[in-house]
Amino acid sequence: MTLTLQQLNGADPAEALRLLDGLYEHSPWIAEQALAQRPFASLAALKHAMVTVLAHAGVDAQLALIRAHPELAGKAMVSQSLTAESTNEQTKAGLTNCTPEEFAHIQQLNAQYNTRFGFPFILAVRGPRGTGLAKREIIATFERRLGNPVDFERAECLRNIHRIAEIRLNDKFGFEPVVGNAVWDWHEDLSRHSDPEFAERGELTVTYLTDAHRACAADLVVRMRECGFDEVGIDAVGNVVGRYHGAAPDAPALLTGSHFDTVRNGGKYDGRLGIFVPMACVKQLHEAGKRLPFAVEVVGFAEEEGQRYKATFLGSGALTGHFNPAWLDQQDADGVTMRAAMQHAGLPATLGSIGALKRDPSNYLGFVEVHIEQGPVLNEMDLPLGVVTSINASVRYLCEAIGMASHAGTTPMSRRRDAASAVAELELYAEQRAAADGDSVATIGMLQVPGGSINVVPGRCLFSLDLRAPSNAQRDALERDILAQLRAICERRGIGLKTEETMRAAAAPSAPAWQARWERAVAALGVPLHRMPSGAGHDAMKLHEVMPQAMLFVRGQNSGISHNPLESTTSDDMELCVNAFSHLLDQLATEHKH
């Protein structure tokens, strides 16, 4: 019999605990303590209640839970003493059907892992879609996680235990994230297109107007039509634009979307999630024969990453009237100009046609964007969604410290003019100064000693500075302090200095009314509300220049890693995101009826 929340909320404590039996391996105390928080408004609320219990249980209880789990393809599986739930999961992943070589390799990994960490390796083998990971993925994850620090790996095991419990809970309640699964599948399908040299290595790379990029655009057009959009097309810069009409012909529109280009060897969800989630909402509206008091315009922005040409935010910039004419003459690594690439793609490549893409903000309610978080915060907190308060302001510099190269053996420490040491001193200061602000970050991501040698005191050091903060004022104070410290360090050490500002972007704080709509949507799902800044740049930054905007983040797996093949999220989290977006649409519809 399928369990319901009404049943669970109304059952006496002993019966309620029996109904939740088997969620956490040999550890009923987690469900027992979580049940004290009844009634639960949603499955998501029940899941988070159990997450909270375990988070507050202490390290000893957490380790006991981890150790209550069987090894993958281990002794318990061989002796057939696994719980019914674990047997089901290991069978679905093919672990009960290993070749002798695979079995031997997994046994070796189990031994190495136990020796290093003192507890068994835990992995939600049914994976992000709940249908089971391939054995090669399981083994690759096992091998990769052997290198993690102990504290981090303990937390990673707990996150996987919560994912296992989430899937088991879905099974008990007969819940399947049907829409989330569809959106997950759309990502998988689109990821089959990749630029040639990367495709050969099984890597995902889609850069502006390549054949793979144009194939993605063509697929998005087909998918949007299938979802029921009334108008679908590719505009003069290659953006894919779908429009679902409102109830009245002159209704204003909600603008939403994100980018479908990727970095080199990137992930499947960065940008694309923000196209597919609103598409799923339009599909639901179309299937229900429902029209809103406003139109929904979804844009798959053709370019955001600046990988083929140095023209970041080209797609969204065209909509705000900020397309730089000089971009057309830029050349890629093969000497192909942007103008030639556009013409090859069948785009007009004229300033007139591009200029015509500029949107009139008075025709739009605002812009909202859904995006994978690209960071570890939601993952570490075991929260599926986060509401963005502001996209951080940023500034970047390329710098050079100029000292004097000299012999490493014969130059006394007191006589050196070591350019690299000056930068190292700055790096430690920048780390401390940014940490003092809370949400500020400072990074020296490039550090190079040209012509360096093992026995030469560095005479030159080239380095980058990337400074970000939630507000322009906070960024400016961070920049002022770090540059002042850099000058002081160089002066004290007798080091010359060159600095060149290469990029400056203003903060894009969320419009309060739009942020509040996202907050109400998240709260309605029974998910705890978490507000957070965005450290990464997004298309919403460009739209912010002409209309109100607000963003919603979705938790990423694997520590929230992004711009990387390990970038991932679950179909359950995608379903929650679609539901949150639908709730935002409902709020707007209610507001515009009055």
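Everything numeric here is computed off the predicted structure, so don't read it as measured data.

The rules behind each value
- Residues numbered from 1 in each chain as written.
- Predicted model: local features only at pLDDT ≥ 70, side-chain atom pairs only at ≥ 80, totals over all residues.
- Heavy atoms only, no water.
- Helix = DSSP H or I, 4+ residues; strand = E, 2+ residues; numbered from the N terminus.
- Buried < 20%, exposed > 50% of the residue type's maximum accessible area, 1.4 Å probe, protein only.
- Contact = heavy atoms within 4.5 Å.
- Axes fitted to C-alpha atoms, helices over the stretch in contact; angles between N-to-C directions.
- Parallel < 35°, antiparallel > 145°, perpendicular 65-115°, else oblique.
- Left-handed = near helix turned anticlockwise from the far one by under 90°.
- Core = buried A, V, L, I, M, F, W, Y, C linked by side-chain atoms within 4.5 Å.
- Pairing = 2+ DSSP bridges.
- Expected span 1.5 Å × (residues − 1).
- Nonpolar A, V, L, I, M, F, W, Y, C, P; charged D, E, K, R; others polar.
- Salt bridge = Lys/Arg side-chain N within 4 Å of Asp/Glu carboxyl O.

Caption draft 1: Spotlight on the environment of glycine 127. Residue placement: glycine 127 occurs in the loop between helix H8 (100–117) and helix H9 (135–145). We classify glycine 127 as buried; its relative accessible area is 5%. In contact with glycine 127, other than residues within four places in its own chain, are Leu133, Arg163 and Ile167.

Caption draft 2: Expanded view of the packing of helix H11 (residues 178–190) against helix H14 (residues 273–287). One can describe the packing of H11 onto H14 by two numbers: an axis separation of 10 Å at closest approach and a directional angle of 135°. In terms of axis orientation, H11 runs oblique to H14. Handedness of the H11/H14 crossing: right-handed. Where H11 approaches H14, its residues Val179, Val183, Trp186, His187 and Leu190 are matched on the opposing element by Leu273, Phe276, Met279, Ala280, Lys283 and Gln284.

Caption draft 3: Summary view of the nonpolar core. Counting 79 residues, the largest nonpolar core has Met342 and Trp518 as the members making the most contacts within it. Ranked by the residues each element gives to this core, the list is headed by helix H23 (residues 571–593), at 10 residues. If we ignore the near neighbours within four places in the chain, the residues touching tryptophan 518 are Val368, Val370, Val387, Ala550, Met551, Leu552, Ala580, Phe581 and Leu584. Counting residues in hydrophobic clusters, the runner-up holds 49 residues, among them Leu23, Phe119, Leu146 and Leu158.

Caption draft 4: Up close: the pairing of strand S1 (residues 231–234). In this sheet, strand S2 (residues 240–244) lies alongside S1 in antiparallel orientation, the contact comprising 4 bridges. Looking across to S2, one finds that glycine 233 is bridged to valine 241. Connecting the antiparallel pair S1 and S2 is a turn made up of 5 residues, with glycine 238 showing a positive phi of about 100°.

Caption draft 5: Looking closely at helix H20 (residues 472–493). For H20, with 22 residues, the first-to-last C-alpha span of 31 Å sits near the 32 Å given by 1.5 Å per residue. Where the residues of H20 are buried, they touch strand S7 (393–402), helix H19 (419–435), strand S9 (441–443), strand S12 (460–469) and strand S13 (496–505). Just past H20, the residue glycine 494 takes up positive phi, approximately 70°.

Caption draft 6: Molecular detail of the packing of H11 against helix H13 (residues 211–227). At a minimum axis distance of 11 Å, the contact between H11 and H13 shows a crossing angle of 155°. Here H11 lies roughly antiparallel to H13, going by the angle between them. Where H11 crosses over H13, the handedness of that crossing is right-handed. In this structure, H11 contributes Trp186, Asp189 and Leu190 to the contact, and H13 contributes Cys216, Asp219, Leu220, Arg223 and Cys227. Considering only residue class, the contact of H11 with H13 consists of 5 nonpolar, no polar and 3 charged.

Caption draft 7: Inspection of the pattern of salt bridges at higher detail. Here the structure, examined in full by the defined rule, presents 42 salt bridges. One salt bridge in this structure joins glutamate 153 and arginine 145, with 2.7 Å as the shortest N-O distance. Each member of the pair glutamate 153 and arginine 145 is classed as buried. One salt bridge connects glutamate 166 with arginine 163, and the closest N-O pair in it is separated by 2.6 Å. Here the residue glutamate 166 and the residue arginine 163 both occupy positions in helix H10 (residues 150–173), the gap between them amounting to 3 residues, near one helical turn. Of the two residues, glutamate 166 and arginine 163, both sit in the buried class. Connected through salt bridges with shared partners, the residues Asp189, Arg192, Asp219, Arg223 and Glu226 form a single ionic network.

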